[in-house]
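Single-letter residue listing:
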Amino acid sequence: MKAWLVSAAAVAALLVGGGLTWQHYAGTVDQADLLGDTGRQRAGPPRRIDIESAPRMSAGPVRPSAGTWLDAQPGRNILLAGLDARPGEDRATARADTVIVVHVTAAGDRAYLVSLPRDTRADIPGHGAGKLNAAFALGGFELLARTVQEPTGLVFDAGAIIDFAGLRKVVDAVGGVELCVDEETTSVHVGWDAQGRETPPYRLIPPSFRAEKIAGVRPQVYPVGCRHFTGWEALDYVRQRELIPDGDYGRQRHQQQLLRALAQKITSAGVLANPITLDHALTAVGGSLTFDGNGDSLTGWIVRLRGLGPAGLTLLRTNGGRFRTEQRDGRDYENLDDTTAELFAAARDDRLAGFAARHPTWVIPP
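Sequence positions are assigned chain by chain, starting from 1 and proceeding in written order. Local features in this predicted model are restricted to residues whose pLDDT is 70 or higher, and side-chain atom pairs enter the listing and the counts only when it is 80 or higher, whereas totals over whole chains, interfaces and linings include all residues. Only hydrogens and water are removed before side-chain values are computed, so all heavy atoms of the structure are retained for them.

Observations concerning the packing of aromatic side chains
Each Phe, Tyr or Trp ring, with Trp reduced to its six-membered ring, pairs with another whose centre is within 6.5 Å; inter-plane angles below 30 degrees give stacked pairs, above 60 give edge-to-face pairs, and intermediate values give tilted ones. If you walk through the whole model with that rule in mind, you get seven aromatic pairs. Judged by centre distance (6.3 Å) and plane angle (75°), the ring pair of Trp-192 and Trp-232 falls under edge-to-face. On the criterion of sequence distance, the pair formed by Trp-192 in strand S13 (residues 185-192) and Trp-232 in helix H5 (residues 231-239) is long-range, its members being 40 residues apart. On the basis of an interplanar angle of 85° and a centroid distance of 6.3 Å, the ring pair of Phe-291 and Trp-301 is categorised as edge-to-face. Here Phe-291 is found in strand S18 (residues 289-292), whereas its partner Trp-301 is found in helix H9 (residues 298-304), with ten residues between them in sequence. Think of it in three bands: with a 1.4 Å probe and only protein chains considered, a residue is buried below 20% of the maximum accessible area for its type, exposed above 50%, and partly exposed in between. Given a relative accessible area of 3%, Trp-301 falls into the buried group. Through pairs of rings, three or more aromatic residues link up here, namely Tyr-222, Phe-229 and Tyr-237. Put simply, a charge is over a ring when the Lys NZ or the Arg CZ is close to the ring centre, within 6 Å, and near the line of the ring normal, within 35 degrees. In this arrangement the basic side chain of Lys-131 is found over the ring face of Tyr-333, its NZ or CZ atom lying 5.8 Å from the centre. Between the NZ or CZ atom of Arg-227 and the centre of the ring of Phe-229, over which it lies, the distance is 4.4 Å. Helix and strand definitions follow DSSP, with helices as H or I runs of at least four residues and strands as E runs of at least two, each counted in order from the N terminus.

Structural data, given as structure tokens:
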């Protein structure tokens, strides 16, 4: 998604001129071989998928259109991993707490964002069944991509790692964003003691990281309603899942809403008309992103996605935002339902507009 933000904002900068060039900002992005052999046209000859050979997801079979070729899937797919390492945790071994698939239509005028639950039960190649978010820690981005291919059947044209700490800098660089809080959200990370000093209001107890209240600490609370968010508030708000009714589904939704709000703010007249603000924003975006264009440069992707704008972004829920949890060996796993299988089949065939029309409650509202 950040790749899309960079693209939209940088192309907008080109249109307004002022000496800012997208080549300069593309150079601030860390570019690396993330996908390895999992990228489109890297994994050998195209593999025909039919009902018998289709990848299997935990809740049932993927049902791709008969005769689909992996390398002939219309449109383009981007895999995003959001890292939110805990204090003292090595970034290289952190779990990808946010896994997002972006499907860009063949026409290049619309993109669909789909978040996969972090606790999805998946087959991790070489490691057996486990939680989806463990794949990154076990084998990096390439293993995560291989794992995501199992339930989705998608081939990836690009990949990116988002540093969640970097999101705070991006939000501050554009002067904050407007977000509408759709459910009261209490922070387990930010609070204040009796002397007004910032301190965590809850302990997260492993292995499930259950939240346990710390006496005498007042937590930060985000009440329902639309308001202005600074960088630290936005980052804290979209990290929360422990104390909201829809847990990780709520967190996924809030993260997607933040990305859309950032896109709208970066491409707004107020930011584009201020060269200093725009420079700070694009530099912050570049500094929080690692990108793999699967053999194509970031500048090439910027040109390719030039037709996209915030209005062309649709946010979709997996499982319709409803839990399908099962417990195995004392651990909770999330399963993907048959309608989610239909969602990914629609992505493979570039038919997500039709899916969204048939399932309006699966579309996250602005």
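Describing the sheet that holds strand S8 (residues 111-116)
Pairing between strands is defined by DSSP: at least two bridges between the two strands are required. With respect to topology, seven strands assemble into an open sheet ordered S1-S18-S11-S6-S7-S8-S19, the strand pairing being mixed. Looking at which strands have only one partner, the edges of the open sheet turn out to be strand S1 (30-31) and strand S19 (313-316). Packed onto the sheet, helix H4 (residues 164-173) meets strand S6 (76-83), strand S7 (96-104) and strand S11 (158-163) and runs at close to 75° relative to S11. The contact rule is simple, with two residues in contact once any of their heavy atoms fall within 4.5 Å. Structural elements are reduced to axes, namely lines fitted to C-alpha atoms, with helices fitted over the stretch in contact, and the angle between N-to-C directions of any two is expressed from 0 to 180 degrees. Sheet strands touched by helix H6 (residues 247-266): S7, S8 and S19. Its angle to S8, the strand with the most contacts, is close to 150°.

Describing the pattern of salt bridges
Each reported salt bridge corresponds to a side-chain nitrogen of Lys or Arg within 4 Å of a carboxyl oxygen of Asp or Glu. Counted by the stated rule, this structure contains 13 salt bridges. Put simply, Arg-40 and Asp-157 hold a salt bridge, and the shortest N to O gap is 2.4 Å. With a gap of 117 residues between them, Arg-40 in the loop between S1 and strand S2 (48-49) and Asp-157 in the loop between helix H3 (134-152) and S11 connect regions that are remote in the sequence. For the pair formed by Arg-40 and Asp-157, the shared burial category is buried. The salt bridge involving Asp-193 is made with Arg-197; its shortest N-O contact spans 2.9 Å. One network of salt bridges, in which partners are shared, links Asp-182, Glu-183, Asp-246 and Arg-253.

Things to note about the side chain of Arg-241
Structurally, the position occupied by Arg-241 is in the loop between H5 and H6. Charged residues are defined here as Lys and Arg on the positive side and Asp and Glu on the negative side; His and the ends of the chain fall outside this count. For the buried Arg-241, no salt bridge exists, and the shortest N-O distance to an oppositely charged side chain is 4.2 Å, to Glu-242. With sequence-adjacent residues up to four places away left out, Arg-241 is seen in contact with Arg-118, Asp-119, Gly-247, Asp-248 and Arg-251.

Section: the confidence of the model for the protein
Detailed reading of the predicted model is not advised wherever pLDDT is low. Looking at the protein as a whole, its pLDDT mean stands at 81, while 81% of the residues score no less than 70. The quantity called pLDDT is the predictor's confidence in a given residue, expressed from 0 to 100. Averaged pLDDT values for the elements of the protein fall to 34 in S2 and rise to 98 in strand S16 (residues 218-222). Below a pLDDT of 50 lies the segment residues 1-21, which in the model reaches 48 contacts outside its immediate sequence neighbourhood of four places, other chains included. In this model residues 43-69 is a low-confidence stretch, pLDDT under 50, and it forms 59 contacts with partners more than four residues away in sequence or in other chains.

Some thoughts on the packing of H4 against H5
In contact at an axis separation of 7 Å, H4 and H5 are set at 140° when each is read in the N-to-C sense. Between H4 and H5, the angle falls in the class oblique. For H4 against H5, the interelement crossing comes out right-handed. Across from Phe-164, Ala-165, Arg-168, Val-171 and Asp-172 in H4, the residues of H5 making contact are Gly-231, Trp-232, Ala-234, Leu-235 and Val-238. Ten residue types, Ala, Val, Leu, Ile, Met, Phe, Trp, Tyr, Cys and Pro, are classed as nonpolar, four, Asp, Glu, Lys and Arg, as charged, and the remainder, Gly among them, as polar. When the residues that make up the contact of H4 with H5 are grouped by side-chain class, the tally is seven nonpolar, one polar and two charged. With respect to orientation, any angle under 35 degrees is reported as roughly parallel, any angle over 145 as roughly antiparallel, any angle of 65 to 115 as roughly perpendicular, and every other angle as oblique. Helix crossings get a hand from a simple test, with the near helix turned counterclockwise from the far one by less than a right angle marking a left-handed crossing and a clockwise turn marking a right-handed one.

Observations regarding the state of the cysteines
Our working definition of a disulfide is a cysteine sulfur pair at a distance within 2.5 Å. One pass over the full model with this rule turns up one disulfide. Covalent S-S linkage joins Cys-180 and Cys-226, the inter-sulfur distance amounting to 1.9 Å. Here Cys-180 and Cys-226 share a disulfide; its torsion about the S-S bond, 100°, makes the bridge right-handed. Taken together, the residues Cys-180 in strand S12 (residues 177-181) and Cys-226 in strand S17 (residues 225-229) connect sequence positions 46 residues apart.

Some thoughts on the nonpolar core
A general tendency of soluble globular proteins is for nonpolar side chains to be buried together. Counting 48 residues, the largest nonpolar core has Val-102, Val-177, Phe-229, Leu-258, Leu-262 and Phe-291 as its most contacted members. Joining through side-chain atoms within 4.5 Å is the link that ties buried Ala, Val, Leu, Ile, Met, Phe, Trp, Tyr and Cys residues into a set, and such a set is a nonpolar core. Leu-154, Leu-316, Phe-344 and Ala-347 belong to the second-largest nonpolar core, a separate cluster that totals 34 residues.

Let's talk about the side chain of Gln-252
In this structure, Gln-252 sits in helix H6. Residue contacts for Gln-252: discarding those within four places in its chain leaves Ser-115, Leu-116, Pro-117 and Thr-318.

So, the pairing of strand S20 (residues 325-328)
Where S20 and strand S21 (residues 331-334) come together, four bridges link them in antiparallel fashion. Its bridge partner being in S21, Gln-327 is matched across the sheet by Asp-332. Counting the residues between successive antiparallel strands, the hairpin from S20 to S21 contains two residues, one of them, Asp-329, with a positive phi of roughly 55°.

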